[in-house]
Amino acid sequence: MKKIEAIIKPFKLDDVKKALNELGVQGMTVTEVKGFGRQKGHIEFYRGVEYDINFVPKMKIEIVVPDQLAEQTVSVIREKAKTGEIGDGKIFVYPVENIIRIRTGESGEAAI
Amino acid sequence: MKKIEAIIKPFKLDDVKKALNELGVQGMTVTEVKGFGRQKGHIEFYRGVEYDINFVPKMKIEIVVPDQLAEQTVSVIREKAKTGEIGDGKIFVYPVENIIRIRTGESGEAAI
Amino acid sequence: MKKIEAIIKPFKLDDVKKALNELGVQGMTVTEVKGFGRQKGHIEFYRGVEYDINFVPKMKIEIVVPDQLAEQTVSVIREKAKTGEIGDGKIFVYPVENIIRIRTGESGEAAI
Amino acid sequence: MKLRIIPIAAALLVLPRLVYAGEATTINSGDTAWMLISTALVTLMTPGLALFYGGMVRRKNVLGTIMHSLIMLFMVSVIWVLWGYTLSFGPDKGGIIGGPEWFGLNGVGQEPSPFAPTVPHLLFMMFQGTFAVITPALITGAFAERMKFSALIFFSILWVTFVYSPLCHWVWGGGWMSKTLGTLDFAGGIVVHLSSAVAAFAAILMIGKRRGYGREPMLPHDLPMTVLGLALLWFGWFGFNAGSALTSGGLASVAFVTTNTSAGAAAMSWMVIEWMQKGKPTALGAVSGAVAGLAGITPAAGFVSPLSSIVIGTIAGLLCYVGVNMKSTFGYDDSLDVIGIHGVSGTWGTLAVGLFASAAINPAGKDGLFHGNTSLFATQGLSVLTAFVFVFAATFIILKLVDWIVGLRVKDGEEFIGLDQSLHGESAYMQ
Amino acid sequence: MKLRIIPIAAALLVLPRLVYAGEATTINSGDTAWMLISTALVTLMTPGLALFYGGMVRRKNVLGTIMHSLIMLFMVSVIWVLWGYTLSFGPDKGGIIGGPEWFGLNGVGQEPSPFAPTVPHLLFMMFQGTFAVITPALITGAFAERMKFSALIFFSILWVTFVYSPLCHWVWGGGWMSKTLGTLDFAGGIVVHLSSAVAAFAAILMIGKRRGYGREPMLPHDLPMTVLGLALLWFGWFGFNAGSALTSGGLASVAFVTTNTSAGAAAMSWMVIEWMQKGKPTALGAVSGAVAGLAGITPAAGFVSPLSSIVIGTIAGLLCYVGVNMKSTFGYDDSLDVIGIHGVSGTWGTLAVGLFASAAINPAGKDGLFHGNTSLFATQGLSVLTAFVFVFAATFIILKLVDWIVGLRVKDGEEFIGLDQSLHGESAYMQ
Amino acid sequence: MKLRIIPIAAALLVLPRLVYAGEATTINSGDTAWMLISTALVTLMTPGLALFYGGMVRRKNVLGTIMHSLIMLFMVSVIWVLWGYTLSFGPDKGGIIGGPEWFGLNGVGQEPSPFAPTVPHLLFMMFQGTFAVITPALITGAFAERMKFSALIFFSILWVTFVYSPLCHWVWGGGWMSKTLGTLDFAGGIVVHLSSAVAAFAAILMIGKRRGYGREPMLPHDLPMTVLGLALLWFGWFGFNAGSALTSGGLASVAFVTTNTSAGAAAMSWMVIEWMQKGKPTALGAVSGAVAGLAGITPAAGFVSPLSSIVIGTIAGLLCYVGVNMKSTFGYDDSLDVIGIHGVSGTWGTLAVGLFASAAINPAGKDGLFHGNTSLFATQGLSVLTAFVFVFAATFIILKLVDWIVGLRVKDGEEFIGLDQSLHGESAYMQ
Ligand SMILES: Nc1ncnc2c1ncn2[C@@H]1O[C@H](COP(=O)(O)OP(=O)(O)O)[C@@H](O)[C@H]1O
Ligand SMILES: Nc1ncnc2c1ncn2[C@@H]1O[C@H](COP(=O)(O)OP(=O)(O)O)[C@@H](O)[C@H]1O
Ligand SMILES: Nc1ncnc2c1ncn2[C@@H]1O[C@H](COP(=O)(O)OP(=O)(O)O)[C@@H](O)[C@H]1O
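Residues numbered from 1 in each chain as written. Chains lettered and ligands numbered in written order. Predicted model: local features only at pLDDT ≥ 70, side-chain atom pairs only at ≥ 80, totals over all residues. Heavy atoms only, no water.

A. Spatial organisation of the overall build of chain D. Helices and strands together make up the secondary structure of chain D, namely 16 helices and two strands. The buried share of chain D, taken over its 431 residues, is 73%. Intrachain contacts of chain D at a sequence separation of at least 6 include 76% that bridge at least 24 residues. In the form shown here, chain D has an accessible surface area of approximately 11,100 Å², with 69% of it arising from carbon and sulfur atoms. (Helix = DSSP H or I, 4+ residues; strand = E, 2+ residues; numbered from the N terminus. Buried < 20%, exposed > 50% of the residue type's maximum accessible area, 1.4 Å probe, protein only. Contact = heavy atoms within 4.5 Å. Areas by Shrake-Rupley, 256 points an atom, 1.4 Å probe, with all protein chains shown as cover.)

B. Local environment of the packing of aromatic side chains. All told, the structure shown has 96 aromatic pairs over all chains when counted by the stated rule. Judged by centre distance (5.5 Å) and plane angle (85 degrees), the ring pair of Phe 186 of chain E and Phe 303 of chain E falls under edge-to-face. Note that Phe 186 of chain E is positioned in the loop between α7 (176–181) and α8 (189–207) and Phe 303 of chain E in the loop between α11 (283–297) and α12 (306–330), a separation of 117 residues in sequence. Between Tyr 85 of chain F and Phe 89 of chain F, the aromatic rings sit 5.4 Å apart at their centres with planes inclined by 25 degrees, giving stacked as the arrangement. (Phe/Tyr/Trp six-rings, centres within 6.5 Å; stacked < 30°, edge-to-face > 60°.)

C. Representation of the pairing of strand β6 (residues 90–95) of chain B in the model. By the criterion of burial, β6 of chain B is predominantly enclosed, with six of the six residues buried. Of the two faces of β6 of chain B, the one holding Lys 90, Phe 92 and Tyr 94 of chain B and the one holding Ile 91, Val 93 and Pro 95 of chain B are both buried throughout. One ladder, built from four bridges, connects strand β7 (residues 98–101) of chain A with β6 of chain B; its direction is antiparallel. The partner of Arg 101 of chain A across the bridge, within β6 of chain B, is Lys 90 of chain B. Note that strand β1 (residues 2–8) of chain B and β6 of chain B share six bridges and pair antiparallel. Within β6 of chain B, the residue paired with Lys 3 of chain B across the bridge is Tyr 94 of chain B. (Pairing = 2+ DSSP bridges.)

D. Seen up close, the environment of Ile 417 of chain F. Residue and element names in this part refer to chain F. Positionally, Ile 417 belongs in helix α14 (residues 412–417). A relative accessible area of 39% means that Ile 417 is categorised as partly exposed. The spatial distance from the C-alpha of Ile 417 to the C-alpha of Met 177 is 46 Å, given a sequence separation of 240 residues.

E. Structural view of the site of ligand 1. Near ligand 1 you find 22 residues, and of these Arg 38, Gln 39 and Gly 87 of chain A together with Thr 29 and Arg 103 of chain C are the closest. Of the chains in the model, those with residues near ligand 1 are chains A and C. The separation between an oxygen atom of ligand 1 and a polar main-chain atom of Phe 36 of chain A is 3.5 Å. Between ligand 1 and Gly 87 of chain A, the relevant distance is 2.8 Å, taken from an oxygen atom to a main-chain nitrogen or oxygen of the residue. Those elements that provide at least two residues to the shell around ligand 1 are β2 (28–36) and β6 (90–95) of chain A together with β2 (28–36) and β5 (56–65) of chain C. The biggest single contributor to the shell around ligand 1 is β5 of chain C, with three residues. (Near = heavy atom within 4 Å. Polar contact = N/O pair within 3.5 Å; in protein donor to acceptor, adjacent residues only side chain to side chain.)

F. Spotlight on the site of ligand 3. Around ligand 3 lies a shell of 22 residues, among which Thr 29 and Arg 103 of chain B together with Arg 38, Gln 39 and Gly 87 of chain C are the nearest. Residues lining ligand 3 come from chains B and C. Val 64 of chain B places a main-chain nitrogen or oxygen 2.9 Å from a nitrogen atom of ligand 3. Between an oxygen atom of ligand 3 and a main-chain N or O atom of Gln 39 of chain C, the distance comes to 2.9 Å. Contact with the protein chains covers 98% of the free accessible surface of ligand 3, which is 550 Å². Here the element with the most residues in the shell around ligand 3 is strand β5 (residues 56–65) of chain B; it accounts for three residues.

G. Geometry of the interface of chain E and chain A. Between chain E and chain A, the contact holds seven residues from the first and eight residues from the second. Between chain E and chain A, the buried area comes to about 630 Å², and carbon and sulfur atoms account for 55% of it. Per-residue buried area on chain E facing chain A is highest for Phe 416, Gln 421 and Gly 425 of chain E; these three make up 51% of the total on that side. Taken together, the connections running from chain E to chain A amount to zero salt bridges. Applying the counting rule to chain E against chain A returns four residue pairs in polar contact (both at pLDDT 80 or more). (Buried area = accessible area lost by both parts, 1.4 Å probe. Salt bridge = Lys/Arg side-chain N within 4 Å of Asp/Glu carboxyl O.)

Here it is in structure tokens:
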């Protein structure tokens, strides 16, 4: 099993989610994060003083999938989250050792 | 060492935490997340328009433990976070390569 | 490639970020989290009732780096996030299997 | 008409001006201006209370809590016009209740009010209506975060009709309390604060504690909202207390000064005792103290001197600090401390009239104990007791009835998800 | 001077008092006190509206939305002093517009106002100014979250000058509508609510929908802020409606009572229908209903009885509930329902005058259909139509012009990031 | 009594009405209504300021900042009744200070006030009390986010007693400034704005910068809260300025209009210059400009024409924009710009009286430079200087004393955690 973690632009969340559902990915966990990267922040003014807001709001999506779904999941995210502009984000793939469904106690791929 | 990551119902946090403390797990990190899964969201109304709020608020708990504690940790969480109803959440187990305590510089299991 | 995850005191974020940039780390993702550990929370009062607020606000930094940068990254964080007082936090190192840049589709170290 | 006015003069405080009978039948534009704005001020208090309470509940219940107050503004505004006013102030029937003659404001028009002869009758009606709106809203703090909305609506209709209206009639509408007993209640120590707290007490006994009370922390989700609520309450309270002079002049000025002074003194005394006992003066404590001082001076505002108001306020702050701590001692769940604050300070203030009142300040009042008259204190004590018994019994019966018809309490699951989502289908905040 | 006053008496409601010509030339301190505070109350409504609207938009647009209202307070306050007042109320030119004689308040001083003879002319000017401030602010709800700030400024200057001022002159300033047609509009059903909604309608047609409208959820980011906005609006509306009596007395009291009652009734009726139709009564629905009731009673406040106001309010709530649902049917994007609420209730209220008005309540008014006079209803209907045509056409032309000069709409990227950051360079909230 | 009234008439603005000595001894219900509500309005400004300031600090200091203002409302309300009023307005002792005769409001009752002969003395006392409350609250913006709470309390008690009360006596209480120098300060350019800003200046020098100032961003955590604060301030300012007429009539109307107009003009001028210089007009800039315009017109409100108020406001906005930027130039840490806004506009407004004042507007005033009188400008300039020297020196001594007794500043760790948690033991927001 793999954990796919994607940092994407917040407004792309809905599209990505829909496409993943169609792929058969049922569950995912989403967190609001601040991204620092090539895409720079912006300037704000408060009573004449300029402040450099140097982070960009991003969404982090975490999905654990069976090995055989991993590649497809990655490519679906890549496709749907892409705008082609800087700051589109990254997808990270990590190994997962086990997964347990709390409600039933099932583990391994059955628990996904 | 293992990283145990659990997505649980927010109101179960206190029970889980207490049980883990009793087991000897001292530290953990908690994040508010939005969960998408079998448990569906709910409907809201704003001036007559219906909106489908399709995520469910969840808590993500992250705990790094020595290998020998991993199994027990998982089973304590499973037990305490369980309501038996859909949406109880998942536990993921990941490998950890190293851990360092910032304050002292200790690393490996000594740093947990 | 490694994922370096550090739980630090929020006010150290700026120093850490600056030092990492100097090291050549360009990207990172930051999340607000609640930490439970040796550092205890504090007491609050509401209409005469005392409440034990037992978590401490922390920042979680996630950085994926090429293997050769991992050690340095860890030591930069250790240095900059350190106050020497309890609650300085932890650094975790995880294996990463792959990384993809959404914008270009590059993968592996090229995508970092 | 005259006959009715004289006996209730004490409660109504229609001042010396009344003496000039000829003048008394004309609308005075200055008095009317003051009563118009006072009425607007008291109206603002109910949404102020909504925010005061709303900031103190958990994030998932803020709209539900706000709605508890707003519904009174919406619903009682209509009820008062239809039947509330006539039951409270209509032609007296045996000292017990107002007659139905003024149903739907029949006969209540632009002519001078029999209760405030320099002000249009409609305006006096509306001023009183704002009191009928806020009193049941105060009660809702007790059962916040667990009351069914439909139950609240039924309860409020019945309570305004069968508890508030008679009590108001007894004290202000020419009923037996003011007429026979001689109760003094300038702006609602008994009618508003005590009565809402006693009703709260009955409600708490019936509805029980919140799920997880005592185990989980139930902390205020937005204290600046509570501070804002206090700001609107304090501001509106000038209309409440100084407006109860029913004229613009010296008496309104006295009530204005005692109100402000008592509030300040009470906030300070709560802060000081909290600082001494817990090591830190909290913002929630300070604003709670301010409300204690405002509620405490309410029955006394137009009967006492500014210096007395410092004493009344200081003691109100201390007593209410003790009052909210009773909760822990006795283990009941009065979510937002209606008993500890309004009950304690309403009682204290009503008794304080018996101690500090001075006929030199207000000739329509009486002297209290400290001005050499022992009887007033007894009168006030008796009034408190009577009101307690009546309100408790009547509220209890009403609650039983409502419980039987629709049930008082939301389901466990609804309480857990929060009232905003489960009862109102909305979220207060997004993102 | 006298000659001008008599014909417009109906609209201005300078009451019986006027009859005593001798007295009428003196400032009355009570009337002035009431008009001072009424003017302050209406001023507060514009920031109240800013919060009411601000709570309903997404988090990224809250400051932009607030600024839409505040800019009116800032800018129209100055415009009104310079040329707005004289165009609206200056010496009549052919029933169409006020002459330039009072430009920069030349000749407008502390002497009694020709429109409100017991109040300083400057004060009457200021009271009217607050109406000119809030009317364009109401429009901004329609194009919230996508309008260019520079375009808004140009638009507002032109709109206040070429739409609001003439319309105001026709109805309140001695122009043809009140003089020839006999239109009754107590506090702005046509001048304020209808006109802002018709302008909103024109604006929506021109500016189009928000990016993602209908696909993405666009939910209120902070409903307690909207509730607070409602609280300030309701409070301020007493100045708006009861202040429109221009005196402190019986008529102001009537308007006060009808305003409060209608608001309560409308909030209840919206809540009930929503409860029946959707299964849950929402807080946003209740406060929307309250605004419907407040706007609905506005043209009628000083012409109808409290009982009539219950009917007017109840129907306003129901109609506006239907009104906001039209949006889904017709698929336009009126972000904050200016048409569905202010358009519907402004129209309903204006027609309701033709049904419920009673000369017994206000001798300066007329009887409506239910008091046996058929002509008033026709007058009111005709006034609505005329106002609709004029405001729509004039607004459309102004918008075309502004679009041509600076463009109405922000760029896609700016809309996406949100107005706060892209137009104002700030974030509303930190952390 | 008469002897005292005449010389201070200029400052007190007890209008032509005073001339009719016979009438002057009667309470006027309309004047009293206006002063009652004005007093309520100014009271509301202090919590308004709490929110205005509270929104601008970081999330961890919001309750601490709010408490800085609220504590003044609580504490000074009591101090004023006890000794503040008599020191400020009690029987004059050598032009320097009021005597102790009215300690505890001894002899201050419902009879006409010697300073406002148509209004009860108690009410005049209370109106003035609200000014004594808000002035020290204004100062707190300078040392927000780092002042010890106990130090603040000591400081405020001393400052109100030894700085505010004498200065108030000199300008409004019959002291040497108005009597000998002839200073004109309608509603507090010197007494309130300048004095608070000079005190802020002394405090900043003593207490030093916030930890991390200039390195870390210290951004407003909730700008809608600041907007709400502005709304309450603007609304309350009508009581502050138009209430300072002490009567309901033409003069109050003038002050009302100039206040509103100046605020609008200043908000616009700040926005325009910011737009030109930074490319974007900010909401915080606009509301800051509005406060600049309100503070700028304060000393002049009842002495100048509406057209002059446009000029005064416009310049106030521009000067304060420059004023807040001085901070960066000189590198001091005036957290919420008390100097840049209240200092600059208070000084400008006081001088502007010397330029724009017109005896035609207010016979109790004088003509300024633009109406051909050169001396007033000099008087105003001298008054500014004197006030500056006195307030700076006295405040400095008081701060030294307080620093010596309890220490002015919180510990580093406390500042870092935030005042809410470290000083008050609470969190403003949960979740
Ligand atoms: N090395 C990294 N480790 C963790 N997160 C990263 C890393 N690099 C980028 N990110 C995340 O990805 C987001 C997008 O990266 P950025 O460099 O701005 O653009 P792009 O993805 O187009 O190269 C960042 O805002 C950050 O959240
Ligand atoms: N494949 C997955 N990857 C990541 N998170 C998941 C995944 N599946 C479920 N989750 C998380 O677990 C939560 C609970 O899952 P759900 O399917 O609703 O119920 P259950 O755990 O009872 O099967 C979801 O809200 C989501 O946060
Ligand atoms: N075993 C763990 N797993 C995950 N997070 C941990 C663990 N131990 C500590 N943490 C995180 O690190 C933070 C600091 O730990 P703490 O024990 O307070 O101090 P120190 O780092 O100085 O030992 C905690 O607040 C928590 O967020």
